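Remarks on the overall topology
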Amino acid sequence: MVFDWDGVAVSGRDKAIPHLQDSLSRLLDCGVLIVVVTGTHFGHLQHQLLSGLGRRGLENLFCCTNRGSEVYAFRDGGRADRVYLKQASLDDERHLDRTAIRLQKLIFKEFHLDSEIIFDRLNRRKVDLIPTPQWVSPPKGSINELLMAVEQRLGAHEGIAGLPWLVSRARDIAQECGLEDPRVTTDIKHIEIGLTDKSDSSRWILLNQIIPRKIEPREVCIIGDEFGMTGGVPGSDLLLCIPELVSSTIVSVGVEPAGTPSMVHHVPGGPEAFMDFLDLQLSYFDWGLSRDPAWLLVQTDFDPAREREMEALFTVGNGLLGLRGALEITIPASESDLYIAGVYDSKFQSRPYSELDFLTPKRNTSRYSELVSFPFPFRIRIKLNGDEIQLREKDSSTHSRKLDLGTGILEVKQKFQIDSYQVEIISRRLASLDDSSRIIHEFELISSGGRVTIDVECGIDFDEFQNRHPHLLVLSPALKQDFRELTFFKTMASGKLVAFGSRMQINGIEVQGPSWSSILEDQERVQVRRVLVVHTHDSDMEYLERTTRERLKAHPLKDFHRWIGNHRRAWSSFWRRSDLRFSNNQGLTESQRFNLYHLRIAAPVVSGNSIPARTLSGRGYEGHIFWDAEIFVLPFFALQFPHFARNLLEYRYRTLPGARRRATQLGFRGALFAWESTVDGEDETPESILIKSHSVEVPIFTGTQQVHVTADVAYGVWNYWYCTGDSEFMRNYGAEILFETARFWCSRVSNDGDQFHIDEVVGPDEYHHGVRDNAYTNWMARFNLNKALWARDWLAASDPEYFRDLCLRLGIRTEDFNLWDVISKSLYIPQPGPNGVIEQFEGFFQLKNVVLEKAERLKSPVSRLLDWQEVNASKICKQADVLMLPFLFPESFSDDVIRANYRYYEPITDHGSSLSLPVHAWTAARIGAFQDALSYYNQSVELDLFNLMQNTSLGVHAACMGGSWMALIFGLMGVRLTEGGPVLEQSVRRTLPREWGSISLRLLFREKEYEIEVAAA
Amino acid sequence: MSRVRSVVLFIRRSCDLGTPLRTVAWIARTGASDVLVIIHPEMAAGELEVRRRLKHAGLSQLKTRVVFGRHSMKESLIRLGEAREGERLVVVGSKERDVPAREILDPETIELIECCSDPVLLFPFRLSEFVPWSLIVTPMSGEFRRNRALARAMDLANQLQVPMDIVHVIDPMQKHQYSAKAVGRTGDQPHHEIQPMISEFISAACPFCSESEKKVIRNFRLIHGSAILELPKILSDTSVGLIAIEWKGLFMRGHAETLKELIRKLRVPVLLIRETANQETSLRAGHRFRAN
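All residue numbers refer to positions counted from 1 along the written sequence of the respective chain. Chain letters start at A and ligand numbers start at 1, both assigned in the order the entries are written. For this predicted model, a pLDDT threshold of at least 70 governs which residues receive local features, and a threshold of 80 or more governs which side-chain atom pairs are given and counted, while totals over whole chains, interfaces and linings are taken from all residues. With hydrogens and water stripped out, all remaining heavy atoms of the structure feed into the side-chain values.

Once that is clear, we can look at the overall build of chain B. In DSSP terms, a helix is any run of H or I states spanning at least four residues, a strand is any run of E spanning at least two, and both are numbered starting from the N terminus. Helices and strands together make up the secondary structure of chain B, namely 9 helices and 12 strands. Across the 292 residues of chain B, 61% fall into the buried class. For every residue, the accessible area obtained with a 1.4 Å probe (protein chains only) is divided by the maximum for its type, and the residue is called buried under 20%, exposed over 50%, and partly exposed between those limits.

What follows is the structure, given as structure tokens:
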């Protein structure tokens, strides 16, 4: 925040400004860079501002004084250091004197006016045009009167255009006197000739603070009171807006008699308006939730039966940590888990999640078969006069939540009535986006109804620990040192060590938690703040303890607001690119925001982690990673925040050794990625399950037959490369993945003499197993082979030495490349028949016809799973299969073919998977079936908000969220990615509903940001 | 978890005394500190006999009050006032079996069960000797919502240390089986969906039960067929000691048909729990409220 002092921050130099000092101190403490710009000398500021500032955050304060000639910084407890000084030479001084004297003479000659020269200013001279007693020190608010008075003095002489003429002449005179780059400005009363001006202040700050601190120009705010023309001369504060900062927010609080330039927001009101502005800025460093409902997800009333669903929807996270939105005082059925990306453990049959032991899966002995749930770290227990507050059936307590999607802050309010006492708890929490190991939590406790003894305990929820968190062993009791609390966990089978470290403060005083007692008066409030840092290590307990202690030490609670501010800034940066607006449809804008919020909090911050099917918001799919990540989620990140997309692919690279092992185990070469993947590339899919009550054993074919995942990963590699042009990734990771997956396909195909085929597979439609030549699988395998050949050419040309080394390391020979080429050209690819329909796999058209009732869409009966042999023989699809092809390769199919396949497959698809909906939305949009497109799009975008599949309690559906974004961008909006950037596909008949208005968004393609807006026809 | 702390036992001439008394004694020994036996006025002459039976059942050693009712059962109950959720059990016997469904309960009993917000343990006439129960069975509709019968049955199962089974009958002939809010309708792979969905279903049904309390659940039986035909088959298993059913509280013609059929056919006591309306969560995304 760069602002002028006189007229903006203060109306006079003698006024006491405690409110201003307090606000600035708090902003400095929050880490805001504050730059005070003034034409006067440092002494004035020292007297008026600095004497009342706090000592914290002063490293963020800079004072640019003497009109760009000096800069002061503050170190060592407030000591001011001049860090920059423009030192005039003796010649410069002489030139300034001569200029001022010549200007004075000119004024007398042309206007017959007396003027006065002020010599004792650093690097400049001032010529007072109106040295009369009435105008000795005119207040800023009287600028109009001052201007009239000066113009009256100057304007009495015909032929000479007053102030602008004088300014122009002063510049000429200065150059004639020998000043190479004179800076001439006016505040109406004076003409000032100097060596520097306010632009020098801006430039110094830009080079020495803004750029090194990685603050983007658009995060800068410049505030002044003189931007517009005054007396025909541009306002001096316009000089602060140097070209490099032109994208900053520029605000004028001045009178601005002639208005302001278009880039300036005019908020007249002088110092009072400035104070309002500071208060607004301060609110960005506080918990304050958005007042705009369009950014809020709100739950009121309370149905305990839906509590787990609410917990999933209200999850906060940052890609490393996912904390479900549980109430601090909650019900026994709550699944108030904390998840840590990449921390998995064996499934314990003796203590399954479902206490029923309903199924007995044949599982392998993997140490990483499911995502570990950690206990809720913010449980609160309160006793009023010895009685614990509990959430009971039929009590009168109330519970509500608000999630600010714009800032990732969750607010929870709970009210309890105990006898004649009322207790209200208002809590807020966030998982820090700028430091992914940190979660912060604050709650206020207000009791009313009289004086009461209160016992409070807050911390990790150890209730029913073994039942709820069977993977964890608590290694040691919490060790408390220096107010810091440490808890260590170890996962039972995988042996991962995890540390929770926390610090707590009650009413501003740090305490050794987690419990305390007090007597509260009626209406008395208690405020509690906690910070939790989470660290993990594979094996070294000593190292983990040491680093956690060090991290805690670096987390003093006095930095609380700074953490909030940094977190909010990170979110702001996300939404600046990712927000997507329907101009006339608030509902869809909000639903999309909700989905993008969840994608962001799932985005892996660490290379080598991916996004589980239900993110870090629930236990669904046991935290496994599927093809969803590369096909449905990666495109959003590749076109918004590519480093997250890269992390997803580096995860696959990390599991490449496991994928090689898996291929070998099944008798193939190369790498076969796991259908259900966790840590090491081993496949976690069970071979079968036993449903006891039916005495039915259902075999699971996906683990061994759903091999298209391998080509899906290759597709992700290519797609990322296409969107980003990240050569470093392709060289070091991508090419190896493409080579190894191509090798797999070579060993997986069979040859009937003329052509190659792929047998015994399961396509995306999991209702059919053991099929031959699944269209999607074969197409993707050929794509994989072609891109591997492309990578060979690219790598051989761009880095021949590395290419040779890689081939040597992988044992790939020229014959291998030749074989890939032969197979890619001879692999059977099912083609459209006479009616345009592509057969999903060999023999699909001969299967038994089944009439699929509308009622079964999204709600297929369980019998479909149990009667798997019957279903396998029927013409019924679980999800989009053939339709995946145009979805991923739109340019390869004509509208007629896409239409024929949509008309054929859509009626026989029951959408047993959420992935199916966005694919159908895209396809319907492409063929102009807009009612269908809108229906499918609405269902996919609102799947979790409306709990359409009735399983959101197990976590949100990441792939459907990413898929609905794809359906909107590439289907309904008709965006196509070309070498030259995104373009709007003209051949797609876009008839967006009028009630949507226009849709606007930004895409990042090969490091360039594109703004796209599509309006309804 | 709630525990049954008080039992109100109505004794009438037409009912068998032995099994209800022994059952009440069993429940009382597991923590019900207050047993109130209300003897119907028509049994005034049988006081001695009642006291003898109480003693034989072991109830006389517990804190048991015996009173002679002067009012109808409904009125007697109303006069006792309300108890905390799940802490009081009302026990009553029914008349002869094998009569038409609508006549299976006499008007006074119907009046009692229709008004009673506490769980009512209803004993069929001439009940086989089943105490202690070896299994409690709870049929559930399959909707994702709170189910008081499951919660109360689970309380009782924990208190008495008896395992329980949940039975969910899916009727393929009923279109509402595809209700979005029902368990067992899913198209994804069974190992992904069925186990967690059942776990979620139970958690939604009894959100105030803890994980350790849920351990009394022995099995979840997913059955295809007509409830009215399939349930009696399951309950004919001799190990079943009690069936706990949530009902809407109306016994008139056209209502509670399955329940009437069960009462008519079964030789096990039925725990009747009235369904209650629950407050529903309102979710607002941005400007829109989701109606629930």
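Let us look at the overall build of chain A. Regarding its fold elements, chain A presents 28 helices and 41 strands. By the compact-globule yardstick of 31 Å for 1017 residues, chain A fits well, its C-alpha radius of gyration being 34 Å. C-alpha atoms of chain A, sized along the principal axes, occupy 110 × 75 × 55 Å. Split into buried and exposed, the 1017 residues of chain A put 63% on the buried side. In this analysis, two residues are considered to be in contact whenever any of their non-hydrogen atoms come within 4.5 Å of each other. Sequence-distant contacts in chain A: of pairs separated by 6 or more residues, those separated by 24 or more amount to 70%. Note that accessible areas follow from Shrake-Rupley with a 1.4 Å probe, and for residues the cover is restricted to the protein chains shown. Element-wise, carbon and sulfur atoms account for 49% of the exposed surface of chain A, whose accessible area totals about 36,600 Å². Just to be clear, the radius of gyration here is over C-alpha atoms, and the globule rule we use is 2.2 Å times residues to the power 0.38.

For the rest of this paragraph, the subject is the interface of chain B and chain A. In this complex, chain B contributes 60 residues to the contact, which on the side of chain A involves 76 residues. With both sides pooled, the region where chain B packs onto chain A buries about 6,500 Å², and carbon together with sulfur makes up 55% of that total. Think of a salt bridge as a Lys or Arg side-chain nitrogen and an Asp or Glu carboxyl oxygen that are within 4 Å of each other. Run the count over chain B and chain A and you get 4 salt bridges. We note a salt bridge from Arg-146 of chain B to Glu-393 of chain A, for which the minimum N-O separation is 3.1 Å. Side-chain atoms alone can form a polar contact between residues adjacent in sequence; in general such a contact is a pair of N or O atoms within 3.5 Å, and within protein one must be able to donate a hydrogen while the other accepts it. Counting across the interface, chain B meets chain A through 15 residue pairs in polar contact (both at pLDDT 80 or more). Counting residues per element, the ones that place at least two in the side of chain B that touches chain A are α6 (190-205), α7 (211-214), β8 (217-224), β11 (282-285) and β12 (288-290) of chain B. The dominant element in the side of chain B that touches chain A, judged by the number of residues it contributes, is α6 of chain B, at 14 residues. Accessible surface is computed with a 1.4 Å probe, and the buried area is the amount of it that two parts give up when combined, taken over both parts together.

On to the domain arrangement of chain B, then. Residue and element names in this part refer to chain B. Domain segmentation is taken from an automatic or database assignment of domains. Domain boundaries in chain B define domain 1 (6-122) and domain 2 (136-289). Regarding the contact of domain 1 and domain 2, the summed buried area is about 2,200 Å², with carbon and sulfur atoms giving 61% of it. At the boundary of domain 1 with domain 2, the tally comes to 2 salt bridges. Put simply, Glu-85 and Arg-148 hold a salt bridge, and the shortest N to O gap is 3.0 Å. Where domain 1 meets domain 2, there are 8 residue pairs in polar contact (both at pLDDT 80 or more). At the level of elements, α1 (18-29), α4 (107-115) and β5 (120-123) are the ones that each hand at least two residues to the side of domain 1 that touches domain 2.

Here the focus is empty space enclosed by the protein. A cavity, in this analysis, means grid points on a 1 Å lattice covering only the protein atoms where a 1.4 Å probe fits yet has no way out; a pocket is instead an open set bounded by protein on both sides within 12 Å along at least five of seven lines, and a residue lines either one if it has an atom within 4 Å of a point. Grid points are joined across faces, edges and corners, and a volume is the space filled by probe spheres set on the points. Applying the stated rule across the entire model yields 16 cavities of 30 Å³ or more. By volume, the second largest cavity is sized at about 240 Å³. Residue lining of the second largest cavity: 25 residues in total, with Tyr-621, Asp-628, Ser-913 and Leu-915 of chain A together with Asp-188 of chain B positioned closest to the centre. Secondary structure elements with two or more residues in the lining of the second largest cavity: α28 (958-972) of chain A together with α6 of chain B. When residues in the lining of the second largest cavity are grouped by element, the largest group, 3 residues, is from α28 of chain A. Following the grouping adopted for this structure description, the nonpolar residues are Ala, Val, Leu, Ile, Met, Phe, Trp, Tyr, Cys and Pro, the charged ones are Asp, Glu, Lys and Arg, and the polar ones are all others, Gly among them. Looking at the lining of the second largest cavity residue by residue, the classes come out as 11 nonpolar, 8 polar and 6 charged.

Moving on to the environment of Phe-10 of chain B. All names here are of chain B. Considering the arrangement of structural elements, one finds Phe-10 in strand β1 (residues 6-11). The class for Phe-10 is buried, based on a relative accessible area of 5%. Separated by 209 residues in sequence, Phe-10 and Asn-219 have C-alpha atoms that sit 33 Å apart. If we skip the residues at most four places from it in the chain, Phe-10 touches Ile-38, Met-73, Ser-76, Leu-77, Val-90, Val-91, Val-92 and Leu-112.

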